[in-house]
Amino acid sequence: MAQANGNPARSADGGRTARPRRSVAVADHLIAAVPALWLAVFFLLPLAFTFVFSFGHSLFGGVELGFTLDNYRLALSGFYGATFLRTLRFAVTASALCLAVAFPAALFIARLSGRRKNVALLLILIPYFSSFLIRIMALTMLMARGGVVEWLLNGVGLHAGPLDLLDTQTAVFIGMVYAYLPIAIIPLVVVLDRIPRALVEASRDLGASRWRTFRHVTLPLTRPGIATAALLTAVPMLGELVIPRLLGGGRGLLMGQAISSQYLQSQNYPLGSAMAVLVLVAVGVLVAALARMTKGFVEVPR
Amino acid sequence: MSPPPVPESSRLANLLQGRATDRALALWYALVVVFLFAPILCALVYAFNLGIVGKQTSTFTGWTLQWFPAAWHDTSLRRAVGTSLVVSFWSALISVLVGTALGYALIRHPSPPVRRLLSAITYFLLIVPESVIGVSSLLFYAVTAIRLSSATLVAGITPVAIAVVALIVRARVLTLDRRVEEAAADLGSTRAKTLRFIVLPQMLPAILASAVMAYTFSFDNLVISTFLTTPRLNTLPVYLYGSLQYGPAPTVYAAASVVFLFTLAMLGVAFLLFRLTSRRPRGSAAL
Amino acid sequence: MTSMLNRRQTLGLFGAASGAALLGHVPRAFAAGGLNIYSWPNYFSSESLAAYRKKTGVTPAISTYDSDDTLFAKLNSPAGAGFDIVVPSSSWIEQLAAKGLLEELDHGRLDFGSLDPDLLDRDYDRGNKYSIPKDWGLLGVIYDPEGVGTEIRTWEDFFKAGEKPGVSGKVRLSDSGWETIGPALWLDGKDWNAAGEADIRKAGERLKSFARNVKSFTALDANAAANGSIVLAQCNQGTARAAIGLNPKLKWVVPGPTSELWVDNYAIAKGAPNLDQAYDFLSYQLRPEVQVSETEYIGFPAAIKGLRGKLGTDVKNVDLIFGGEGVDFSKLTSFVVNPKTIGIYLQVQSEIQAAAG
């Protein structure tokens, strides 16, 4: 990943006002149009159905189009409101844990040089070429009674007797960290990697301790990476279905399961759609707020 | 992980502490790798487990090789594996192309409204629960009378993978110095040339990393695939998830292990070919 | 990986893929010819499939689902067309038929005579207009007599035992609304197919207060029962057989006053592109030797008369395949999904699972 480059630390416009631009090139149009078109056709268009359906009447596996707010009323009832809050807490906790595990690893990888860095990153990625479900199923076997984890913890004296880890919140969080770790590590490495050594060394030369350098130089520069990692983990976690089911015994109900079961088990598309729309709105507001707060999503002039 | 603050001037302390920090980081990284590999090793070992009445058990009941031929003879499992490999290859390819463009445009598109619109779509992609994408896609194809096929399956999976690619690439673009591009333009380079020769090489590591993520996201997609499979098109996650209801057979462990090793081998070959064909002696993109 | 391809190739491939996707261009022959089955994974014996292939030259293509709900959603969408044989459970047959998603069976082309009459003409499909029983299972309880301390005969015993210290927190309930709420309804003397919203909610209250004892709502892992992390569980006889195979101390019972008999069925999807092939395959599946091979492979009993006597002598715990000795089908009930109440069952189940969190 050796990059010969000028001064990326003062990234972007370096705080000055952008100079008047040349006429927009065809390439720029193309670069924006291709993704916009693809996503419009394969994502936004189908999604429009969801929105329309959320105002319809359920026909058990079908929808009678119309305009009613009953679905929203039901979706906003106390039970699903509480479910949404529980889901939010769950995703934020899992994402924070995931980032906490990922950051030191990313820092280690980013500090390596050349070939070693690639190998270190590759080692993180290789496990993800194996099927996710199989790995989670294997994780249940490791954490089961009489499994390897129990044997290991007993061996080092951290635990005595049988270990009932499976079907607990702890197991779910372990699984969540496991599943989302590389998606947290990669954006962090990508950004950490771009922080020039010279800058860190300069800070040290000026007498700052390692900690102060980390705190005041490295961490702020990592902000876009942290924000990306947080977003890439927390938001999909809101819809997570499989891990809570396989590792947590399906106790406690999360929004992903609630919506999915409206669609499937009750065949109630309008209610499922209304719940989905509400989740979209709520998460949209939260993400926008988060973006404002961390300022990680805009090019921060510094 | 983070060491406590120390007196600023103490250089020696800094040095010692630095070494301790490095060691702690290395240890942490090692633990992470062990954590990530443990379930894979477990799955590999349990592909040889006898199980009980044809089902997998976490108690190791004895060694056997029978599940490998059994997995091969289970044509629906075999087909599912093949479909998964093909579909995720295409999905990853498309996602990388579209997602890289998106990730770049998110930051560098000259028009702020366009940037805002693209960001809105990208974040929107992440927020929408997969079951919603799945059901609405199924309804969409029903209404438009498009028959489900591998193309619709790929198209259905790509949006989420595109978002992942776009955000990783975007994080990289944020750290690139825009003035380099401007300098190139000032020196007479066309926009397309600048993108090709200045921007792309700088983004390559991020693109490759995101390609891996796009591939695994696609390969592991369960919820959307559930809705978009067809009589002749079934994917491995859909098969695996279904098998949980009646208890999975060790055959799925055998199949998954073989797929994993096969994928690694393919990656190795790809890497070697890349190294051989790469003109630069020290390929900057050797990820 | 992608970097191997040069740009022109990549663009070409990209164009091809997106073009195909946009036009939805699928060759017509895609679904016709051969035989398309939509089923649970690993639900047909590989041996009998191989023998069928040898006999006819046709390899059935089997796609899999994870629940009857998924099967319903897929068949219900015009985009999901192209399946020949599907394997719906007894609970969903009526709804599938009501939506016109199943082909009416031509009884002249199949040999129903060899099937167990107790499994025919049941209330989810009178006269077997749409379905042929494939295999069946029971809702029962597996428990560790030592851990639980008492014998379990009724669902009342089950609920009481679950409250006990040492058992509480090691209980498994089903993830399907009707299987968790059903037992409480039966104890109230109600029929789960006739119960109204008030009945279901009332029975649900009992489950909600019971929920704190529950450890898991997901498919029972035979190991968990065998190694004692679950000591009391609702499950089917197939999982019980696996668990008892690992730990012979465990006991299996079908509690009173009644319990569930579910039947998975062969059915033909409406507009099946390969109708003749489908009948041919079904006739093949109903042959005695195939029924025996299916039973031994999937561990659930096929529907043929006198199956018990035809099984190989080397099959372990044979009785358990049939849910133990003396199972009386007339005393058991099969759930039939009703659009009016299924949403309530689901809602209450969600509340129960949330209460356990």
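The name that an unreviewed UniProt entry assigns to chain C is Spermidine/putrescine transport system substrate-binding protein, with the source organism given as Faunimonas pinastri. Of chain C, the UniProt comment under Subcellular location (unreviewed entry) reads exactly: "Periplasm".

Turning to chain B, the UniProt record has this under Sequence similarities (unreviewed entry): "Belongs to the binding-protein-dependent transport system permease family. CysTW subfamily." According to its UniProt record, chain B has this under Subcellular location (unreviewed entry): "Cell membrane".

*Asks:* Can you walk me through the UniProt feature "transmembrane region" (unreviewed entry) in chain B in this structure?
*Replies:* Residue and element names in this part refer to chain B. When the UniProt feature table is mapped onto this chain numbering, "transmembrane region" (unreviewed entry) sits at residues 26-48, 85-105, 117-142, 148-169, 197-217 and 252-274. What you have in residues 148-169 is 91% helix and 0% strand, and the ends, taken at the C-alpha atoms, are 31 Å apart. For residues 252-274, helix accounts for 100% and strand for 0%, while the C-alpha atoms at its two ends are 32 Å apart.

*Asks:* Quick question: what am I supposed to make of the confidence of the model for chain B here?
*Replies:* Note: predicted coordinates in regions of low pLDDT should not be interpreted at a detailed level. Put simply, chain B has an average pLDDT of 84, and 90% of its residues get 70 or more. Throughout residues 280-287 of chain B the model reports pLDDT below 50, and contacts reaching past four residues in sequence, or to other chains, amount to 15 contacts.

*Asks:* Explanation requested: the interface of chain A and chain C in the structure shown.
*Replies:* The accessible area lost on association of the parts is a frequent measure of interface size. The interface is formed by 24 residues belonging to chain A together with 27 residues belonging to chain C. Going through the elements one at a time, helix H3 (78-111), helix H10 (242-248) and helix H11 (255-263) of chain A are the ones with two or more residues in the side of chain A that touches chain C. Partitioning the side of chain A that touches chain C into residue classes produces eight nonpolar, 11 polar and five charged.

*Asks:* Explanation requested: the sheet that holds strand E8 (residues 232-235) of chain C in the structure shown.
*Replies:* Strand pairing in a sheet takes place through backbone hydrogen bonds and is either antiparallel or parallel in direction. All names here are of chain C. Strand order in this open sheet of five strands is E7-E6-E8-E5-E9, and the pairing throughout is mixed. Of all the strands in the sheet, the pair left with one neighbour each is strand E7 (214-216) and strand E9 (251-253). Bridge count for strand E5 (residues 140-143) against E9 is three bridges, and the pairing is antiparallel. Each residue of the ladder has a partner; that of valine 141, found in E9, is valine 253. The sheet contacts of helix H10 (residues 237-246) involve E5, E8 and E9, and relative to E5 the element is tilted by about 15°.

*Asks:* Even after reading the chapter, I still don't get the interface of chain A and chain B, so can you show me in this structure?
*Replies:* Residue-level contacts link 97 residues of chain A with 100 residues of chain B. When contributions to the side of chain A that touches chain B are tallied by element, the ones reaching two or more residues are helix H1 (26-53), H3, helix H4 (114-125), helix H5 (132-143), helix H7 (169-192), helix H9 (210-238), H11 and helix H12 (269-294) of chain A. Broken down by element, the residue count for the side of chain A that touches chain B peaks at 16 residues, all from H1(A). In terms of residue class, the side of chain A that touches chain B is made up of 69 nonpolar, 19 polar and nine charged.

*Asks:* So what exactly am I meant to see when it comes to the pairing of strand E4 (residues 132-138) of chain C here?
*Replies:* Looking down a regular strand, the side chains alternate between one sheet face and the other. All names here are of chain C. Extensive coverage of E4 is indicated by the burial of seven of its seven residues. Sheet analysis places E4 next to strand E10 (residues 261-268), joined by six bridges and oriented antiparallel. Residue isoleucine 132 lies in a different strand from E10, and its bridge partner there is tyrosine 266.

What counts and how
- Residues numbered from 1 in each chain as written.
- Chains lettered and ligands numbered in written order.
- Predicted model: local features only at pLDDT ≥ 70, side-chain atom pairs only at ≥ 80, totals over all residues.
- UniProt positions renumbered as here; feature names shortened; annotations may be inferred.
- Helix = DSSP H or I, 4+ residues; strand = E, 2+ residues; numbered from the N terminus.
- pLDDT = per-residue confidence, 0-100.
- Contact = placed C-beta atoms within 7 Å.
- Nonpolar A, V, L, I, M, F, W, Y, C, P; charged D, E, K, R; others polar.
- Pairing = 2+ DSSP bridges.
- Axes fitted to C-alpha atoms, helices over the stretch in contact; angles between N-to-C directions.
- Buried ≥ 20, exposed ≤ 12 C-beta atoms within 10 Å, placed from the backbone.

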